[in-house]
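These are the residues of each chain, in order.
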4 protein chains.
Amino acid sequence: MNWEALLAPYAQAVEELKVKLKGIRKQYEYESKHSPIEFITGRVKPVPSILEKAEVRHIPLDKIEELQDIAGVRVVCPFVDDIYAIVNMIRSREDLHIIDEKDYVSHKKKSGYRSFHIIIRYPVETIHGVKMVIAEIQIRTLAMNFWATNEHSLNYKYKGKIPENIQSRLQRAAEAAFKLDEEMSIIKNEVQEAKRLFHRK
Amino acid sequence: MNWEALLAPYAQAVEELKVKLKGIRKQYEYESKHSPIEFITGRVKPVPSILEKAEVRHIPLDKIEELQDIAGVRVVCPFVDDIYAIVNMIRSREDLHIIDEKDYVSHKKKSGYRSFHIIIRYPVETIHGVKMVIAEIQIRTLAMNFWATNEHSLNYKYKGKIPENIQSRLQRAAEAAFKLDEEMSIIKNEVQEAKRLFHRK
Amino acid sequence: MNWEALLAPYAQAVEELKVKLKGIRKQYEYESKHSPIEFITGRVKPVPSILEKAEVRHIPLDKIEELQDIAGVRVVCPFVDDIYAIVNMIRSREDLHIIDEKDYVSHKKKSGYRSFHIIIRYPVETIHGVKMVIAEIQIRTLAMNFWATNEHSLNYKYKGKIPENIQSRLQRAAEAAFKLDEEMSIIKNEVQEAKRLFHRK
Amino acid sequence: MNWEALLAPYAQAVEELKVKLKGIRKQYEYESKHSPIEFITGRVKPVPSILEKAEVRHIPLDKIEELQDIAGVRVVCPFVDDIYAIVNMIRSREDLHIIDEKDYVSHKKKSGYRSFHIIIRYPVETIHGVKMVIAEIQIRTLAMNFWATNEHSLNYKYKGKIPENIQSRLQRAAEAAFKLDEEMSIIKNEVQEAKRLFHRK
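Residues numbered from 1 in each chain as written. Chains lettered and ligands numbered in written order. Predicted model: local features only at pLDDT ≥ 70, side-chain atom pairs only at ≥ 80, totals over all residues. Heavy atoms only, no water.

Taking an unreviewed UniProt entry as the reference, chain A is identified by name as GTP diphosphokinase belonging to Lentibacillus salicampi. According to UniProt, the comment filed for chain A under the heading Subunit (unreviewed entry) is "Homotetramer." (UniProt positions renumbered as here; feature names shortened; annotations may be inferred.)

Caption draft 1: Structural view of the nonpolar core. In this structure, Trp147, Leu180 and Met184 of chain B together with Trp147, Leu180 and Met184 of chain D are the most contacted members of the largest nonpolar core, which totals 41 residues. Discounting chain neighbours no more than four positions away, the residues touching Trp147 of chain B are Ser111, Gly112, Tyr113, Leu170, Ala173, Ala174 and Ala177 of chain B together with Met184 of chain D. Among the nonpolar cores identified, the runner-up in size contains 40 residues, and Ala143 and Leu154 of chain A together with Leu154 and Tyr158 of chain C belong to it. (Core = buried A, V, L, I, M, F, W, Y, C linked by side-chain atoms within 4.5 Å. Buried < 20%, exposed > 50% of the residue type's maximum accessible area, 1.4 Å probe, protein only. Contact = heavy atoms within 4.5 Å.)

Caption draft 2: Main features of the sheet that holds strand β4 (residues 116–126) of chain D. Residues and elements named next belong to chain D. Spatially, the five strands line up as an open sheet ordered β1-β2-β5-β4-β3, and their pairing is mixed. Two strands bound the open sheet, and with one partner strand each, they are β1 (39–44) and β3 (97–103). On average, each strand axis in the sheet is tilted by 25° relative to the strand beside it, whichever way the strands run. Alignment of strand β2 (residues 71–77) against strand β5 (residues 129–141), held across seven bridges, turns out to be parallel. Residue pairing across strands places Val75 opposite Ile139, the latter belonging to β5. Its contacts with the sheet put helix α4 (residues 142–157) on β1, β2 and β5, and the angle it makes with β5 is roughly 100°. (Pairing = 2+ DSSP bridges. Helix = DSSP H or I, 4+ residues; strand = E, 2+ residues; numbered from the N terminus. Axes fitted to C-alpha atoms, helices over the stretch in contact; angles between N-to-C directions.)

Caption draft 3: A look at the interface of chain A and chain B. If you look at the interface, chain A gives 25 residues, while chain B gives 25 residues. Buried surface at the junction of chain A and chain B, summed over both partners, amounts to about 2400 Å²; 59% is from carbon and sulfur atoms. Between the two partners, chain A and chain B, sit zero salt bridges. Counting every contact that joins chain A to chain B gives ten residue pairs in polar contact (both at pLDDT 80 or more). Where the side of chain A that touches chain B is concerned, the elements lending two or more residues are α1 (3–30) and β4 (116–126) of chain A. With 13 residues, the single largest contributor to the side of chain A that touches chain B is α1 of chain A. (Buried area = accessible area lost by both parts, 1.4 Å probe. Salt bridge = Lys/Arg side-chain N within 4 Å of Asp/Glu carboxyl O. Polar contact = N/O pair within 3.5 Å; in protein donor to acceptor, adjacent residues only side chain to side chain.)

Caption draft 4: Broad picture of the packing of aromatic side chains. Across all of its chains, the model carries ten aromatic pairs over all chains by this definition. Relative to Tyr113 of chain A, the ring of Tyr104 of chain A lies with its centre 6.2 Å away and its plane at 65°, an arrangement referred to as edge-to-face. Looking at Lys109 of chain A, its charged tip hangs above the ring of Tyr113 of chain A, at a distance of 5.2 Å from the centre. Here the guanidinium or amino end of Lys109 of chain D rests over the ring plane of Tyr104 of chain D, the centre of that ring lying 4.9 Å away. (Phe/Tyr/Trp six-rings, centres within 6.5 Å; stacked < 30°, edge-to-face > 60°. Lys NZ or Arg CZ within 6 Å of the ring centre and 35° of its normal.)

Caption draft 5: Here's a closer look at the relation of the copies chain A and chain B. Rotating chain A by 180° about the axis while translating it 0.0 Å along that axis superimposes it on chain B, leaving an RMSD of 0.0 Å. Overall, the copies show the geometry of a two-fold rotation axis. For chain A, the smallest separation between a C-alpha atom and the rotation axis is recorded for Glu16 of chain A, amounting to 3.3 Å. Take the interface residues of chain A: 100% of them recur as interface residues in chain B, which is what a same-surface contact looks like. (Least-squares fit on C-alpha atoms with pLDDT ≥ 70 in both.)

Take a look at the structure:
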């Protein structure tokens, strides 16, 4: 199986979405506005993970496009409010179609995981014509991202079965991350209030 | 005038077109096919050049979008045939609209300049909504590119008035470049013929 | 004053140090070891900031190389322990000379700021021969980095005089960041203990 | 065999040399001088090619560092003279040691191949200490590069045994490339003469 050729449209979708979202961040900078985007990453799901997930879900290999996270882009924001600004920006774009949304920011997962997920359909021009690609955009704060990255590697190490005592530690770390976001959000508001007062003079 | 903000959509169009065309090259590689693309470059016209051209053409600064080469992308091909393969690929894309085409490959300019130019309209999502951007795609061989790059810097140095003796030298260099393309094209055909004979066995 | 030419060796030092430290991270990955590096950034101090700092410190413009942070590289680590692993790695390198070290990790600043700073001399080959460049390497965790980035923009906005109520909020955010680092460090130890037990079997 | 880990110091040498040579090009630009560097590429020899060459030369796999072209960097110049400017620049550097030089520019190979090769020893800092890496730097003009790239792929296709009629065609292409370089060199001299006259006024 020529995986490189098969995954090329997904890799292309990831590259294009990264360039497009990085462009949005630059425009905020050029207009001297607060950018709701701290940084952007993207990846194509590694082949072993695709195979594993396809098996678990009984998806035959000629239908792997049913997996919705082969192409993944992550937008990391400074503040919690910024997440919703990004969600609205994505909703208004004309170069993609939203299929599904999951708000794990307001409704965190039992593990402590928090992020906003948007599943999209995105057209990619290939050497064989246009192909519609499914991609997942994850939007989260820096603190959520830090926590999720660590949880992900623990999950990987324990093959999904994190021991209970470590799980409760992870919960406490999730609370610390949440606390950090809260404290930062309060400062954000004060800063913007201070700026409004300043400009009203 | 906030040029960075003003030119942001053009810079964005250049970045996106570069990523899209680089993706096309990778797809040829992944499928082990001859890639008609050797490399891709792009640039936004520098502000002094925009101002100069706007003045010469009596275009007011609030209408600089009438300049068709503010956003420029260049596709450099190994062989002359490849130029037309790229032209056809661009004609078939659904993410851009062709406004104009100029074939300076078949009909070279008096100076010796050869390239295929396509003017397109390309939609860019900005933080203020969709903006249609005009961009120019230049398609040429490596030898044409080498010659054109040198002619361009001579033109810059002589402010468009290259002395006659140097002009005639440039002509001879253009002929040498043309000769190199011809010799290479002949080899290309022989190679592909050899391969067809090989596969027919 | 040709700032681009003047700052070129600093920009070069930043580029080279980034490539070298990114190489270290990749080597950890290739050998399937925990990487003490999450990501690396670098920047040359913007000209207005150089001018301002030179004035405050009464440094004439022909001696700006006395400023030790014109070239700056930042190494961001997952865990607090990793900071000292990076410090030791830098101490052992033969391609740079350490001039000074400041441990604001063990001894945080009054503002709540935490980071490890190393000042180095680094040889850069220029078109006029070798030039010794002073550069600053900052090493910190993700949580420290998040906090410091926000404090920096507040400092910028308030021109160094952050109002007291916001300052006390920043303190609380610093504590939340510290707490997050602590919780994550505890998990790190548990994970590595679990792995040691596993391998001892 | 963990090839990624084994080849990491070679990949690192390539990355560092690329960044260093690109820095040289930028310095010429910043000082508004003619840059003898048009572009730089680099690559680590693919594993199958390493295995093949080691077998042909009876080199055991634990001594592959005897192969001198595992790490390869290519400097492509606008004009023939520029090749020797680059050679002198490399000879004067203190961050590498020259082991060998081969001047296939003045003394072209029978095939028509032209390039200047420098074999160097280059120190790379790894997570296990300093490692001396052998690398090859190839220096050639744009026209030489174009020809060599095409010859390389023909050699690959014909497994080193290019049919005679194609070989003689390649010879003619090499002559056309040589002619192009000559014509361009003549213009280069005229341009610089014109500039000297201009400044003498």
